[in-house]
Amino acid sequence: MRKVSSPITRRRRLGGVRVFLSAAVLWMPAMPASAVEVGVAAAVNSAAFGTPPGGNRTTKVLGDNVIYNERIETSTGGLVQVLLVDGSTFTVGANSDLVIDEFVYDPNAGTGKLVASFSKGVARFVGGKLSKNQGGVTVKTPVGTIGIRGGIANLNLSGNNPTFSLLFGKELNFLGTNGQHLRVYESGYTLNVNQLGAASIRRTTQEDLGQVQSAMTSRNGQRGGASRSPTDDSVSGSGFVNSNSGLGLISTLPRPKPEVVLSTKFSDVDDTLININQANTENAETEVETSETTNVRVLRAGTTYSPSFNSSLVISNPGNQGLIGGPDGTDMTATFKSGKIFSGNSKALYIGSVGGDPVYIFDPKNNGLKYFSQVSTDQGNVFENYSSSYVPAVPLLNGTTYGNAKTNAQGVMVTGDQFAAAAYFLATGQIGTSNPTFNYGGQDVIYLLYGVGTDFSSFGNASDPLKVRSYKLYSDPLTMFQLGTSNSDGSFQPVTTNALFVNPLVAQDLGASFMSNVSSTGLLMIEDSPTTLDNAKFLASSFRIEGTGASQKSMISLGVGTIFEESGVLQTSFGRRGSHRTSTTQSSAVYGGAVGTEAGPDGGHFFGSNAQNLLLSGEVENADAYSDSYLNLPSGTSSADTVSNTVHPAELQTEYNVSSLSRTSRTLYGYGAGMVESSENTNPVAFSSSKPDELMLTFNAGNNSLLATLNITDRQAQDSNVGGYTFKFGTESDGSGASRSAFIDDDNYAARDSKTPTDTSATLIDDLGGVNVPHVADDNVNSYMVPNTLVGDADNAIMSGVNECTCAFLEWGYWGTKANFKNANFSGGERTDYVHLGTWVAGSMTNSADLPTTGSATYAGHAVGNVVNGSDQYLAAGNFNMSLDFQYRTGTASVSNFDGKNFSATLSETTVSSGNLFNGSVSGAFSGEINTSVVAGPSTNHDGVIGSFNVKEGSTWKATGIVAGQLQ
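All values derive from a computational prediction rather than experimental measurement.

*Asks:* It is not clear to me how the state of the cysteines should be interpreted in this structure. Could you clarify?
*Replies:* In protein structure, a disulfide is the covalent linkage between the sulfur atoms of two cysteines. Per the counting criterion, the structure on display carries one disulfide. Linked covalently through their sulfurs, C805 and C807 form a disulfide whose S-S length is 2.4 Å. One quick way to see it: the torsion about the S-S bond of C805 and C807 is about 50 degrees, and its sign makes the bridge right-handed. You can call C805 buried: its relative accessible area is 3%.

Listed below in structure tokens is the structure:
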């Protein structure tokens, strides 16, 4: 919990590859670039060559170092594999040319950057640690630049039409020399560039795979760089087995042994001196030194809690819901004193008192996360076991030597440069045994925050490029421990989760399996100035759909906001948004409440020289907690259970230039759909758009924002009082409501309800009498909107096996809301309406007059939407196919295997004021409609199709959603 001095980078050589050990610095070339080694030739077949900068061309052999800016070439029959120090590999086939242009790597944090130029031939890239970071790996080619994240990719420049195939992983981002941007985010798809330089995405074929595989297959007589071909006898006589203790190959790793730290003989914590035993081999002697002091912000739950938005609601055990600080809890600055460590791997021991309870914090030598367990004794000794992956068993002591156990504690701590945040759980019983009792909640958890505020007067440089900053958000400690499990050896396994801002009680309902598989963006922040974070926008989101049909659970959370200055301090506060459904038979909950950066003991909200750390939580000082709003409270849930708080330490992972991203200012049009649960209706009602201008989505790269307006209507007349809704999301075109959206790049953006609660123009309903009824002015509209690209594979449960449209020129995603309306026609004069994970789709709309007048087209893609099946509500997806005859303006559209059902419609063109519309009624056992519009793509003005559907079967099954397809 003090400033970490700059570490010394140490290196050692292992098999020709440099391995770097460093606590907190990037590995950068410290010697002339021509001599810096970035990797090794891990496999070589003949006719592979290397040309270092300014050097001569030589034949590469097995074990050769690969150096910065060295050109790697192969001729006919040549093959080389380049292994880089982060674990990335390039396997380069025959007649190929590769240069590593840039390589920056921090092995401790796993961050940095790899840039390579691949000018001809065939290669396969297998991502290492750098590829896990967005913008971490870039490959330049003659036809464009490829960004590779978290995966394996084939790169084939050998023919007239270059291809780039994603075999496994997150994504391929392509920026063509003509400015075209496409993205492949599903394995099994290939990006193809034609002879005119235009790129398109299609399914990967056997021919694509075969061409690359053939180019990487050894020919007769090749031995991978070995002077002699290995045989069974030569391998058995090589000594390898003896080197491995006769055990052969072992791939199973044991649980790492915890580190042990010991400090002894501290005096009462109120004294100015702390006694420390300095241990020798056989005996101990006492050494006394003057202690240092450190101020720490301390937060703890009280015995009751009342949120600021409902002072009459009293929560009797707030600690179980993470409700700390506020008028009823502890929010104080405590002085911690430090003493020596006489053994173990920590820099210092900090000793403090919170409400009479002693707290011991060992400051680790390496930054990051650690779990710990402790024991202190009546003779003034304190021991700690710690690990980065689990909570070790509490240390057991010999009472004669060290004294009898006085306290036991467990916890988790995240440290950084001039930053530390910890959750400290005190044992409540069986202290000194192998299994002390812990209560993960109540008043038995203490939160600690130490940090030196960032000095923004010397932050950045005016000549620096604008950056996107990507932060890791750590799990809420209370949730991790409440969901964790005890092991027979006395250790404890917390549940690590990427879920953000989720009520700890809801996390228990969703379950450990669900929570441990949530996907998250972390926190993405885009700068407005290189010299300050003032006006920077950010977003943080987490999402998961688990299961299908009646067994489904789902959750999405979102925070978007802007950094602002208040009383000379940079900070932020933003609305918590999202929703969840823990069971298909229960009402969904929509999220509200505030989230913000917490101040450290010196008043700063960002910590470290480069704002490397921060802490997100509810606004605990104001008792402005999270709230979950239900139409009907689930069985066993009380109003008190809907109030909560979480704590998320943040750690800067990487920075990349805004200029390197695809960020397109544009306006798209399309459709939306959602199942509305209302206090006015017994059953949910399917609402959807029916025309292409009922969703308008505008991106503004200039101020890093977006604005969306969505109109949906009751297409089957199921709601007796409402014909339709208007919902507005994001930042107005004049910049007002700046904190209500964040546009990072074309794949990462989000918005919440537009403007403020007193602006009634943002959310409206049509009451069937031609009157627009605004939402209640003194209440928040809690709306959210995200693209599917923001959440990665979080919706795989429903998209698995579906021919998902991966065309980058289309945008689709999810939205939700909770809004209140007053009107004399409503029961009781007021109604509250909810949507959980509705869907939307948008594209570059083509006017009808501009579409082809001859020929035909076929499209294929997916359908995704909401289902009501009896008493169950859930999301489902299926395949979508469509054909159009441009001459006759007719066609057919079909959705197959959507919740196990198939339906179709015959289409004809309907005249609309702008864009185009091909729609028709669903036939057969279903009633309803399919509405579609043709949209432009990179090749033609009819590359894709988007639309909506709204169907029902009998009296128990109905669905509404969106469709998206691409030209076949």
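*Asks:* Please explain the pattern of salt bridges as it appears in this structure.
*Replies:* Should the charged atoms of two oppositely charged side chains come close, the side chains can pair. Applying the stated criterion across every chain, the model contains 25 salt bridges. The shortest N-O distance in the salt bridge between E527 and R469 comes to 3.9 Å. Highlighted residues: E527 in the loop between β37 (519-526) and β38 (537-546) and R469 in strand β34 (residues 467-473), separated in sequence by 58 residues. Residue R469 is classed as buried on the basis of its relative accessible area, which comes to 0%. The partner of E909 in a salt bridge is R889, and the shortest N-O contact between them spans 2.9 Å. Of the two residues, E909 is situated in strand β65 (residues 901-909) and R889 in the loop between β63 (872-885) and β64 (890-898); the sequence distance between them amounts to 20 residues. Since its relative accessible area comes to 16%, R889 is described here as buried.

*Asks:* What's the story with the pairing of strand β20 (residues 199-203) in this structure? I'm lost.
*Replies:* Both faces of the sheet carry side chains from a regular strand, because those side chains alternate between them. Direction of pairing for strand β19 (residues 189-193) relative to β20: antiparallel, over a ladder of five bridges. Residue pairing for β20: V193 is matched across the bridge by A199. The hairpin formed by β19 and β20 contains five residues between the paired strands, and G197 there has a positive phi angle of roughly 90 degrees.

*Asks:* Is there a simple way to explain the layout of surface pockets in this structure?
*Replies:* Over the atoms a probe the size of a water molecule is rolled, and this reveals where empty space is left. Put simply, the second largest pocket is a space of about 600 Å³. Lining the second largest pocket are 28 residues, and of these F309, G592, G593, S627 and N780 sit closest to its centre. For the lining of the second largest pocket, the elements supplying multiple residues, two or more each, are β42 (573-575) and β47 (626-630). Considering each element in turn, the lining of the second largest pocket owes the most residues, four residues, to β47. Here the lining of the second largest pocket is composed, by residue class, of eight nonpolar, twelve polar and eight charged.

*Asks:* Sorry if this is basic, but what is going on with the sheet that holds strand β48 (residues 643-644) here?
*Replies:* Strand pairing in a sheet is mediated by backbone hydrogen bonds. Such pairs are either parallel or antiparallel. One open sheet accounts for twelve strands, arranged β42-β45-β46-β49-β34-β37-β38-β39-β43-β44-β47-β48; its pairing is antiparallel. What marks the edges here is a single partner per strand, and that holds for β42 and β48. Pairing geometry for strand β43 (residues 577-581) and strand β44 (residues 589-592), over two bridges, is antiparallel. Bridged to H580 within β44 is A589.

*Asks:* Explanation requested: helix α1 (residues 206-215) in the structure shown.
*Replies:* Given 3.6 residues per turn, any residue in an α-helix points the same way as the ones three and four places further on. Buried within α1 we find D208, V212 and A215. For α1, the buried positions fall inside an angular range of 65 degrees around the axis, keeping them on one side. Facing away from the buried side of α1, by more than 90 degrees, are the exposed residues Q206 and E207. Looking at the buried side of α1, the elements it contacts are β8 (79-84), β12 (122-126), β15 (152-156), β16 (163-168), β19 and β20.

*Asks:* What should I look at first to understand the pairing of β15 in this one?
*Replies:* For β15, the buried fraction is high: four of the five residues fall into the buried class. As judged from the five bridges shared by β12 and β15, these two strands associate in the antiparallel manner. If you follow R124 over to β15, its bridge partner there is N154. Direction of pairing for β15 relative to β16: antiparallel, over a ladder of five bridges.

*Asks:* Explanation requested: the packing of aromatic side chains in the structure shown.
*Replies:* We describe a pair of aromatic rings using the distance from one ring centre to the other and the angle between the two ring planes. Taken as a whole and judged by the stated rule, the model has 31 aromatic pairs. Consider the rings of F699 and Y749, whose centres lie 4.8 Å apart with planes at 75 degrees: the pair is edge-to-face. With F699 in strand β52 (residues 695-700) and Y749 in strand β56 (residues 749-752), this residue pair connects regions lying 50 residues apart in the sequence. Taking the relative accessible area as the measure of exposure, F699 reaches 2% and is therefore buried. Accessibility expressed as a relative area gives 2% for Y749, which makes it buried. The interplanar angle of 75 degrees and the centroid separation of 5.9 Å between the aromatic rings of F926 and W957 together place this pair among those described as edge-to-face. Here F926, found in the loop between β66 (918-921) and β67 (927-936), pairs with W957, found in strand β69 (residues 957-967); they are 31 residues apart in sequence, far enough to count as distant. Among the aromatic residues, ring-to-ring pairing joins F687, Y725, F727, F729, W815 and F821 into one connected group.

Reading the values: rules and limits
Residues numbered from 1 in each chain as written. Predicted model: local features only at pLDDT ≥ 70, side-chain atom pairs only at ≥ 80, totals over all residues. Heavy atoms only, no water. Disulfide = S-S within 2.5 Å. Buried < 20%, exposed > 50% of the residue type's maximum accessible area, 1.4 Å probe, protein only. Salt bridge = Lys/Arg side-chain N within 4 Å of Asp/Glu carboxyl O. Helix = DSSP H or I, 4+ residues; strand = E, 2+ residues; numbered from the N terminus. Pairing = 2+ DSSP bridges. 1 Å grid on protein atoms, 1.4 Å probe; cavity = no way out; pocket = protein on both sides within 12 Å on 5 of 7 lines; lining within 4 Å. Points joined across faces, edges and corners; volume = space filled by probe spheres on them. Nonpolar A, V, L, I, M, F, W, Y, C, P; charged D, E, K, R; others polar. Arc of directions from axis to C-beta. Contact = heavy atoms within 4.5 Å. Phe/Tyr/Trp six-rings, centres within 6.5 Å; stacked < 30°, edge-to-face > 60°.

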